[in-house]
Amino acid sequence: MAKDADILSEAQEAFTYAQDAESENRATALEDTEFARLGEQWPEQIRKQREREGRPCLTINRLPAFARQVVNDARMNRPQIKVVPVGTGADQVTAQVMGGLVKNIEAQSNADIAYDTAIESAVYGGFGYFRISTDYAHEDTFDLDLKIEPIFNPFTVYGDPKGAGGDSSDWNFAFVTELLRAKDFKQQYPGADASSWDGDQDDENSDDGESQVRVAEYWKRSDEKRKILLIKGPQGERVLDSRQWDKEEIRAIFEAAGYQVSGERETKSAKVIQYLLTGSEVLDTVEWVGKYIPIVPVYGEEINVAGRKYFRSLIH
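The rules we used
Numbering of residues begins from 1 in every chain and follows the order in which that chain's sequence is written. Note on the predicted model: pLDDT of at least 70 is required for a residue's local features to be given, and 80 or more for side-chain atom pairs to be given and counted; whole-chain, interface and lining totals, by contrast, use all residues. In computing side-chain values, all of the structure's heavy atoms are included and hydrogens and water are not. Each helix corresponds to a stretch of at least 4 residues labelled H or I by DSSP, and each strand to a stretch of at least 2 residues labelled E; elements are numbered beginning at the N terminus. To estimate the expected span of a helix, count its residues, drop one, and scale the result by 1.5 Å. Buried means the residue's accessible area, taken with a 1.4 Å probe over protein chains only, is under 20% of the maximum for its type, while exposed means over 50%, and partly exposed covers the values in between. When we speak of the arc, we mean the arc of directions from the helix axis to the C-beta atoms. In this scheme, strands are said to pair when DSSP sees at least two bridges between them. Definition of nonpolar core: a set of buried residues of the types Ala, Val, Leu, Ile, Met, Phe, Trp, Tyr and Cys, connected through side-chain atoms within 4.5 Å. Pairs of residues are marked as contacts when any of their non-hydrogen atoms sit within 4.5 Å. In the sections that follow, a salt bridge refers to a side-chain nitrogen of Lys or Arg positioned within 4 Å of a carboxyl oxygen of Asp or Glu. Fitted lines through C-alpha atoms give the axes, limited to the stretch in contact for helices. The angle between two N-to-C directions lies from 0 to 180 degrees. With the far helix as reference, a near helix turned anticlockwise by less than a right angle produces a left-handed crossing, and one turned clockwise produces a right-handed crossing. When residue character is reported, Ala, Val, Leu, Ile, Met, Phe, Trp, Tyr, Cys and Pro are called nonpolar, Asp, Glu, Lys and Arg charged, and the others, Gly included, polar.

Structural notes on helix α4 (residues 92-109)
Reasoning step 1: An ideal rise of 1.5 Å per residue puts 26 Å on 18 residues; α4 measures up with 26 Å between its terminal C-alpha atoms.
Reasoning step 2: Buried within α4 are the following residues: Ala 95, Gly 99, Val 102, Glu 106 and Ser 109. In an axial view of α4, the angular spread of the buried residues amounts to 95 degrees, which keeps them on one side of the axis. Among the exposed residues of α4, those oriented more than 90 degrees off its buried face are Val 93, Gln 96, Leu 101, Ala 107 and Gln 108.

Some thoughts on helix α5 (residues 111-125)
Reasoning step 1: Between its first and last C-alpha, α5 extends 21 Å over 15 residues, near the 21 Å set by a 1.5 Å rise per residue.
Reasoning step 2: Burial of α5 is extensive: twelve of the 15 residues sit out of reach of the surface.
Reasoning step 3: Looking one or two residues beyond α5, the residue adopting positive phi is Gly 126, at roughly 105 degrees.

Observations concerning the pairing of strand β11 (residues 308-312)
Reasoning step 1: The buried fraction of β11 is high, at four of five residues.
Reasoning step 2: In the sheet, strand β10 (residues 301-305) pairs with β11 via five bridges, with the strands oriented antiparallel. Bridge pairing links Val 305 to Arg 308 in β11.
Reasoning step 3: Linking two consecutive strands that pair antiparallel, namely β10 and β11, is a turn of two residues; a positive phi of about 55 degrees is found at Ala 306 within it.

A look at the nonpolar core
Reasoning step 1: Ranked by size, the top nonpolar core spans 16 residues in total, and within it Phe 175, Trp 197, Tyr 218, Tyr 275 and Leu 277 carry the most contacts.
Reasoning step 2: When contributions to this core are tallied by element, the ones reaching two or more residues are α1 (2-37), β4 (173-181), β5 (212-233) and β7 (260-277).
Reasoning step 3: Among the elements that make up this core, the one with the highest residue count is α1 (six residues).
Reasoning step 4: For Tyr 275, the residues in contact, after removing those within four places along its chain, are Ile 7, Ala 216, Glu 217, Tyr 218, Lys 220, Val 282, Asp 284 and Thr 285.
Reasoning step 5: Within the second largest apolar cluster, 15 residues are counted, among which are Ala 29, Tyr 129, Ile 151 and Tyr 299.

A look at the side chain of Ser 121
Reasoning step 1: Turning to its location among the elements, Ser 121 is positioned in helix α5.
Reasoning step 2: If we skip the residues at most four places from it in the chain, Ser 121 touches Gly 126, Phe 127, Gly 128 and Pro 154.

Some words on the pattern of salt bridges
Reasoning step 1: Throughout the structure, instances matching the rule amount to 18 salt bridges.
Reasoning step 2: Glu 51 is the partner of Arg 47 in a salt bridge, and the nearest nitrogen-oxygen pair spans 2.6 Å. In this pair, Arg 47 and Glu 51 both sit in helix α2 (residues 44-52), four residues apart, roughly one turn of the helix.
Reasoning step 3: For Glu 51, a relative accessible area of 48% puts it in the partly exposed group.
Reasoning step 4: For Asp 241, the salt bridge is made with Arg 243, and the minimal N-O distance between the two is 2.9 Å.
Reasoning step 5: Judged by relative accessible area, which is 48%, Arg 243 ranks as partly exposed.

Considerations on the environment of Phe 173
Reasoning step 1: One can find Phe 173 in strand β4.
Reasoning step 2: Along the sequence, Phe 173 and Ala 90 sit 83 residues apart, while their C-alpha atoms lie 32 Å from each other.
Reasoning step 3: Once you skip the residues sitting within four places of it in the chain, Phe 173 turns out to touch Ala 14, Tyr 17, Ala 18, Gly 159, Asp 160, Pro 161, Tyr 218, Trp 219, Lys 220 and Ile 293.

Focus: the packing of helix α3 (residues 63-76) against α5
Reasoning step 1: The contact between α3 and α5 brings their axes to 10 Å, and the two run at 145 degrees. Judged by the twist between their axes, the crossing of α3 over α5 is right-handed. Across from Pro 64, Ala 67, Val 70, Val 71, Ala 74 and Arg 75 in α3, the residues of α5 making contact are Asp 116, Ile 119, Glu 120, Val 123 and Tyr 124.
Reasoning step 2: Looking at the contact of α3 with α5, its residues break down into eight nonpolar, no polar and three charged.

Spelled out as structure tokens, the structure:
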């Protein structure tokens, strides 16, 4: 329990930091989105005054046409993932095989929806996201498939404000929040305390008055030291993690093939963990198989003023 308390405290501190850093961008994005997509283009005070006087508030919203032009251009010219063979042992054939696997993952995931949703969010609000996840290939297997999934509500994501790149490769933490109906929460997490993450005002009741609970994914990336070995044999050199070499069955296979350790050194590698949190407890802990947090941002216009980043939409 003490460990859970430490994780919750650490996560809450990181969330507050991200929330404060993104507050202006999120407020601007919400205003731009409502202005363009909902046609809320009258100042509130003037609108109420005209309603009291019985005067109309006509809105001729021309903005979606310009936004759709940009989104449709992006759909016609989507960026392509290309695998390039670089480094020792890389070859064109392997790169082509890996490229084919990437295209298959995109096709099986309907990744176009994820890309288009993120671009549309960036056009209207200044930022959008999609994510990479794993799921079992079908119900009777332990084989996992990679999936590229859309994030339809970009306001549920809080990234690391210190990230300097155009992607999330240097994020050390991120959050994705989700609202669950109280009865669904109890069904998924029997016995868990139904206290919402961060105490958001919209957690308590939905539009129909039903109680809801906000759950947060807390993604954390940290460096860990490990030892790697350089082994040489009849077919050249290979690099292995020392933990692999320590397994007798693996070491026996390499030694039988004539491989011996010729060098070793310590290195750093990234470790990514996902914690599923409520406001009072850790519901689940999962170690991610990759070294990057699997949430990818798509930004509109980015402006950096005195070290603070501002994201602006086409609407703005």
